[in-house]
Amino acid sequence: MELSHLLPARENHPVSDESGPASVRDTRGDDYPVDDSPREECGVFGVWAPGEQVAKLTYFGLYALQHRGQEAAGIAVGDGAQVLVFKDLGLVSQVFDEQTLAAMKGHVAVGHTRYSTTGSTTWENAQPVFRTTAAGSGIAMGHNGNLVNTAELATRVREAGLLPTRTDRTVATTDSDLIAALLAHAAADSTIERAAMDLLPTLRGAFCLAFMDEHTLYAARDPQGVHPLCLGRLERGWVVASETAALDIVGASFVREIEPGELLAIDADGVRSSRFAGPDPKGCVFEYVYLARPDTAIAGRSVHATRVEIGRRLADEHPADGDLVIGVPESGTPAAIGFALASGIPYGQGLVKNAYVGRTFIQPSQTIRQLGIRLKLNPLREIIRGQRLVVVDDSIVRGNTQRALIRMLRESGAIEVHVRIASPPVRWPCFYGIDFASPAELIANGLGTTDGVFEGVRRSIGADSLGYISTQGMIAATEQPASRLCSACFDGHYPIPLPTEAAFGKNVLEGMLDSAADAVAREVGGDNVAALSRP
Ligand code: SF4
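All of these numbers come straight from a predicted model, not from anything done at the bench. (Residues numbered from 1 in each chain as written. Predicted model: local features only at pLDDT ≥ 70, side-chain atom pairs only at ≥ 80, totals over all residues. Heavy atoms only, no water.)

**Quick word on the overall build of the protein**
Then step 1. Of regular secondary structure, the protein possesses 19 helices and 23 strands.
Then step 2. Carbon and sulfur atoms form 49% of the exposed surface of the protein, whose accessible area is close to 19900 Å². (Helix = DSSP H or I, 4+ residues; strand = E, 2+ residues; numbered from the N terminus. Areas by Shrake-Rupley, 256 points an atom, 1.4 Å probe, with all protein chains shown as cover.)

If you want it as structure tokens, here you go:
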């Protein structure tokens, strides 16, 4: 079947036009200065369950993963005869309604929530991406992570004659689509499973994939297992999801994590596991600090417990003289609780979060824009007034949020504001699927030594004192060996080599590379410089 028959009418959907009012660029930090947090990568979900309403299960699975991407959402279903894809820009609840989900019948489904780490935010780049094999079988795929050999894959796609024509606007331009194109091409002479086993070892970077044809659900995780992916059991089927919390929410029991370098195929014959590469675990430490839900567990370690432990260690490393500990909701809250427990300073709720306001598709007026941080956080003045506050946040990226927050807290009556941060200073870009600001925008970049960072950032954000957890303290809280974690955005040591073609990633990387190379040269002078330099 023609893809155009399966997709929603394009005219009905806002497509990125950088000057137009429907532009989803409006959801980015530059337009919403209240939100300069790092951008989550994506969430993937898949289900194989004959007799179940797989589209609805996927909808609720994506709902649980909404925090991993708010720019677009999509679901594909297979009924044994065809693959149907529905996707659009927007939150899961904006993209799908009862009528749409009811029309999506089948026994296998994959879903995706997207934040664009590669490629611009357009309807075409929403996922699942879709390709057909020479035999007419459909492949729908959701991808979480970011590849670093995109240019090499693009060359292979071009040489195989698989590039879209200029007029074919239904085809995406992401690394995810390159994977799907190469997989569909290879499956012409083989099964999808065998084609995947040949293709996956050639991918470099971070990838958690959930993909399907008309019959079978597949899931694969990169050899470093940078981002999480887990397997769950339903009474009448199986689920794969980016986070264990999504299993809980659809009533699936956790079975195990999909191993780094593993491909799963799930169909009427059960679950088949194949290894396409030896495991070399380098899990993203930022998943524990900020990205994942607190009710998720990664590598057997509760994210909430990790954050509480970070707060405890933060109190030991950087004690504060205060009357009340408050967290910046949501991801700063567990660390604030840990800080309070370890320090003996009472914990209280001083801020109320207006969830998702920074991810709206509504263009803010100038009046609204001037509200700044108040769009996102509202202070509880009766709690804050007259207090020496210890404010615990998950991270500082550009510092805009903290600067505005501290001003707001002082205006609300706080007499001192001591800031404690549950991660070390972010100094390096992430090439594996998390979009920080460019290195030039990172507030900790270029401030030299640790003491220089602390004092420079403290002055910039207007805090009475500032303390960051050490890298060692953060890693110890995860209960994972440092050798099994990636902490490159904090220390500049990239566990997956970065070929120069990383420059062909999302357009923002172009400007990042020169700046990052300069910063690396200044700070560590060595190994990573060549990797970050432009050709
Ligand atoms: S660089 Fe940072 S955000 Fe990126 S994968 Fe590594 S730890 Fe995670």
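Still more to cover.
**Some words on the sheet that holds strand β10 (residues 237–241)**
Then step 1. If you walk across this open sheet you meet the seven strands as β3-β2-β4-β1-β10-β9-β11, and the pairing is antiparallel. Taken across any chain shown, the strands that pair with only one partner, and hence form the sheet edges, are β3 (83–89) and β11 (253–257). In this sheet, adjacent strand axes meet at a mean angle of 15° when their direction is disregarded.
Then step 2. In this structure, strand β2 (residues 72–78) lies alongside β3, joined through seven bridges in antiparallel fashion. (Pairing = 2+ DSSP bridges. Axes fitted to C-alpha atoms, helices over the stretch in contact; angles between N-to-C directions.)

**Let's talk about a nonpolar patch on the surface**
Then step 1. A contiguous nonpolar surface patch, about 300 Å² in accessible area, is contributed by Phe 60, Tyr 63 and Ile 249.
Then step 2. In this structure, Ile 249 sits in helix α8 (residues 244–249). (Patch = residues over 30% accessible without salt bridge, like charges linked within 9 Å, V, L, I, M, F, W, Y side chains within 5 Å. Salt bridge = Lys/Arg side-chain N within 4 Å of Asp/Glu carboxyl O.)

**A closer look at the site of the ligand**
Then step 1. Taken together, Val 226, Cys 284, Val 285, Phe 286, Cys 430, Tyr 432, Ile 434, Phe 436, Cys 486, Ser 487, Ala 488 and Cys 489 make up the full set of residues near the ligand.
Then step 2. The set of elements that each furnish at least two residues to the shell around the ligand consists of α9 (285–291) and α17 (488–491). (Near = heavy atom within 4 Å.)

**Let's talk about the side chain of Lys 87**
Then step 1. When you line up the elements, Lys 87 lands in strand β3.
Then step 2. No salt bridge is formed by the buried Lys 87, whose closest oppositely charged neighbour, Asp 177, lies at an N-O distance of 7.3 Å.
Then step 3. Here Ala 126 takes part through its backbone oxygen, which lies 2.8 Å from a polar atom of the side chain of Lys 87. (Buried < 20%, exposed > 50% of the residue type's maximum accessible area, 1.4 Å probe, protein only. Lys, Arg positive; Asp, Glu negative; His and termini not counted. Polar contact = N/O pair within 3.5 Å; in protein donor to acceptor, adjacent residues only side chain to side chain.)

**With respect to helix α10 (residues 303–317)**
Then step 1. Here α10 is 15 residues long and its end C-alpha atoms lie 21 Å apart, about the 21 Å a rise of 1.5 Å per residue gives.
Then step 2. Along α10, the positions that sit buried rather than exposed are Val 303, Thr 306, Arg 307, Val 308, Ile 310, Gly 311, Leu 314 and Ala 315.
Then step 3. N-cap assignment for α10: the residue whose side-chain oxygen lies 3.2 Å from the backbone N of His 304 is Ser 302. (Expected span 1.5 Å × (residues − 1).)

**Some details on the nonpolar core**
Then step 1. If you look at the biggest cluster of nonpolar residues, it comprises 47 residues, and the most contacted ones within it are Phe 286, Val 325, Phe 339, Val 392, Tyr 432, Phe 436 and Met 474.
Then step 2. Mapped by element, the contributors of at least two residues to this core are α9, α10, α11 (333–343), β20 (388–393), α16 (471–478), β23 (485–486) and α17.
Then step 3. The dominant element in this core, judged by the number of residues it contributes, is α9, at six residues.
Then step 4. Sequence-distant contacts of Met 474, defined by excluding residues within four places in its chain, comprise Val 285, Val 289, Ile 310, Ser 423, Pro 424, Ile 469 and Phe 490.
Then step 5. Counting residues in each nonpolar core, the second largest holds 29 residues, with Ala 180, Ala 181, Ala 187 and Leu 203 among its members. (Core = buried A, V, L, I, M, F, W, Y, C linked by side-chain atoms within 4.5 Å. Contact = heavy atoms within 4.5 Å.)

**A look at the confidence of the model for the protein**
Then step 1. Looking at the protein as a whole, its pLDDT mean stands at 83, while 79% of the residues score no less than 70.
Then step 2. Overall, residues 501–535 carries pLDDT values under 50, and its contacts beyond four positions in sequence, including any with other chains, amount to 62 contacts. (pLDDT = per-residue confidence, 0-100.)

**Some words on the side chain of Ser 487**
Then step 1. Take Ser 487: it is sitting in the loop between β23 and α17.
Then step 2. For Ser 487, a relative accessible area of 7% puts it in the buried group.
Then step 3. Among the polar contacts listed, one links the side chain of Ser 487 to the side chain of Asp 491, at a separation of 3.0 Å.
Then step 4. Leave out the neighbours within four places in its chain, and Ser 487 touches Val 285, Thr 471, Ile 475 and Gly 492.

**Quick word on the sheet that holds strand β22 (residues 465–468)**
Then step 1. The sheet built from four strands is open, its strands ordered β17-β20-β21-β22 with parallel pairing. For this open sheet the edge positions go to β17 (324–327) and β22, each flanked by a neighbour on one side alone. Neighbour-to-neighbour, the strand axes of this sheet turn through a mean angle of 20°, independent of strand direction.
Then step 2. Across six bridges, β20 lies against strand β21 (residues 416–421) in parallel orientation. Note that in β21 the partner of Val 392 across the bridge is Arg 420.
Then step 3. Running over the sheet, α11 touches β17, β20 and β21 and is turned about 160° from β17.
Then step 4. Of the strands in this sheet, β21 and β22 touch helix α15 (residues 450–461), which is tilted by about 130° from β22.

**As for the pairing of β2**
Then step 1. Among the seven residues that make up β2, seven are buried, leaving the element largely enclosed by the rest of the structure.
Then step 2. Side chains of β2 alternate between two faces, with Ala 72, Gly 74, Ala 76 and Gly 78 and Ala 73, Ile 75 and Val 77 buried alike.
Then step 3. Across seven bridges, β2 lies against strand β4 (residues 108–114) in antiparallel orientation. Residue pairing across strands places Ala 73 opposite Thr 113, the latter belonging to β4.

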